[in-house]
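In case you want the letters, here they are:
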Amino acid sequence: MKTVKPFRLLPIACAAACVAAAAPATATDAYPSRPIRLAVGFAPGTGPDILARTLGQKLGELMGQAVVVENRAGAGGQIAAQFVAKAPPDGYTVLIADVSAISIAPAAFSKLGYDPVRELAPVSEVVKTDFILVVPNTSAARSVEDFVKLGQSRDKVNFGTFGAGTPGHFGAEMFAELGRFRIEPIHYRATGDAVSAVVSGDVNGVFMSTALATAQVKGGKMRALATTAPRRSPLLPEVPTFIEAGYPKADFSAWFALFVPAGTPEPVIATLNAKAVAAVQSPEARQRLEEAGFSISGTSAQETRRMIEAETERWKKIVAATGFKGD
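The model shown is predicted, which means the values in this text are computed figures rather than measured ones. (Residues numbered from 1 in each chain as written. Predicted model: local features only at pLDDT ≥ 70, side-chain atom pairs only at ≥ 80, totals over all residues. Heavy atoms only, no water.)

Draft legend 1. Just the nonpolar core, in detail. In terms of nonpolar packing, the biggest core is built from 49 residues, with Leu-120, Phe-147, Phe-175, Phe-207, Phe-242 and Phe-259 touching the most fellow members. Top element by residues in this core is helix α4 (residues 99-108). It accounts for 6 residues. Beyond its immediate stretch of four places on either side in the chain, Leu-120 contacts Ala-81, Val-84, Ala-85, Leu-95, Ile-102, Tyr-114, Asp-115, Phe-259, Val-260 and Ala-262. Grouped together as the second largest cluster of nonpolar side chains are 32 residues, Tyr-92, Ala-121, Val-260 and Ala-279 included. (Core = buried A, V, L, I, M, F, W, Y, C linked by side-chain atoms within 4.5 Å. Buried < 20%, exposed > 50% of the residue type's maximum accessible area, 1.4 Å probe, protein only. Helix = DSSP H or I, 4+ residues; strand = E, 2+ residues; numbered from the N terminus. Contact = heavy atoms within 4.5 Å.)

Draft legend 2. Structural detail: the environment of Pro-240. With respect to the helices, strands and loops of the structure, Pro-240 is situated in the loop between β8 (222-227) and β9 (253-261). Residue Pro-240 is classed as partly exposed on the basis of its relative accessible area of 24%. Considered as a pair, Pro-240 and Ala-97 are 143 residues apart in the sequence and their alpha carbons are 28 Å apart. Those residues in contact with Pro-240 that sit more than four places away from it in its chain are Leu-225, Ala-226, Thr-227 and Arg-232.

Draft legend 3. Focus on the side chain of Asp-90. The topology assignment puts Asp-90 in the loop between α3 (78-85) and β3 (93-98). Only 3.3 Å separates the side chain of Asp-90 from the side chain of Arg-34, close enough to count as a polar contact. (Polar contact = N/O pair within 3.5 Å; in protein donor to acceptor, adjacent residues only side chain to side chain.)

As C-alpha cells, then:
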C-alpha cells in the first residue's frame, strides 16, 4: 500500500515554478519541455497497450522527454478519446485510438462525449491490424464454409465481440450477411472474458485481432478459420484468407492513429508527426510491433485526415446496414 505523505505548503518560489511548469505551452515554447501523456483506451496487456508502450518508449527517446502511457479503458476506446478531446491543446496530452472510437462510434452512438472531427486533430496513422475468425476447438467448423453451413442450419449462432460498436462486432454482422445466416452478438467488456468464452464454447466464434488470435491459436486454445487480411499472415501462414475462402468482401481491419486536442499549434503537430513516424518505423519498434501482429504505417497528418474521412464514410454505411443503435 502506498504511503501518503503529509500535505505541506510549498515555498512561494517553488509554487510559482510548479505553476509555470503546468501552464499550457504556446507556439513559441520549445516543444517538448516536459513529459507527455499518451492515453490509450484499452487495458494493460492488450494489443493496443503493447502498441502504446512500444511507441511511447521510442517516441520518448526521440523527443528527449518521457512519454507516460495512461490506460483509460472502456467503451471501445471512447473514454480515452473523450479525455484527450477535453485536454488543453498544447501537445502534452496525446491519444492513440483505433477505428472504433474515431470512425465507427459517430455512426453507432448518437450520444458521444466528444466529437472526433471537431475536437481531435490527427497526427499520424501508426499501424494497422487485421482480424482472424476463431472458433472453439470443439467446434465442428474447420473452415469458413463449415461455419457458414453451421450458421445456416440454426436460427442464430452466438458470436462474441469485444464490445458493441467495435470492428469485430460489425465485421461479424457483415460476415453473417454475406453468408446468409443470423448471429446473436454477445458483447464482452474484458478481453479475457471473450477469450474464455471461445475456449469454453460459450460462443460459436469471434473475430480476434491477429495479435491476440496468434497467441491463442499457437497455444492450442482455439482454432483459426480465416483472416480478413488480403494475404496470409506470416504469424499464422497455415490460415487462409477470406478471399481464398470465397468471401472477398469480408475485408475489414483496424487502424491505430495518434491524435491531439483540436487547436494544438501546427508546429507542435508537425514535431509529433515527424517523431512518431520515425519511432514506429525504427528497427526496434518495427520488430516488436510486427511480432505482435501489427503492420507498420507512419503517415502525414494530412494523409491521416483523408484516410479517416474515407473510413468514417465506409463504416457509416456498414453500421446503417446492420440497423444497430448504441443508445
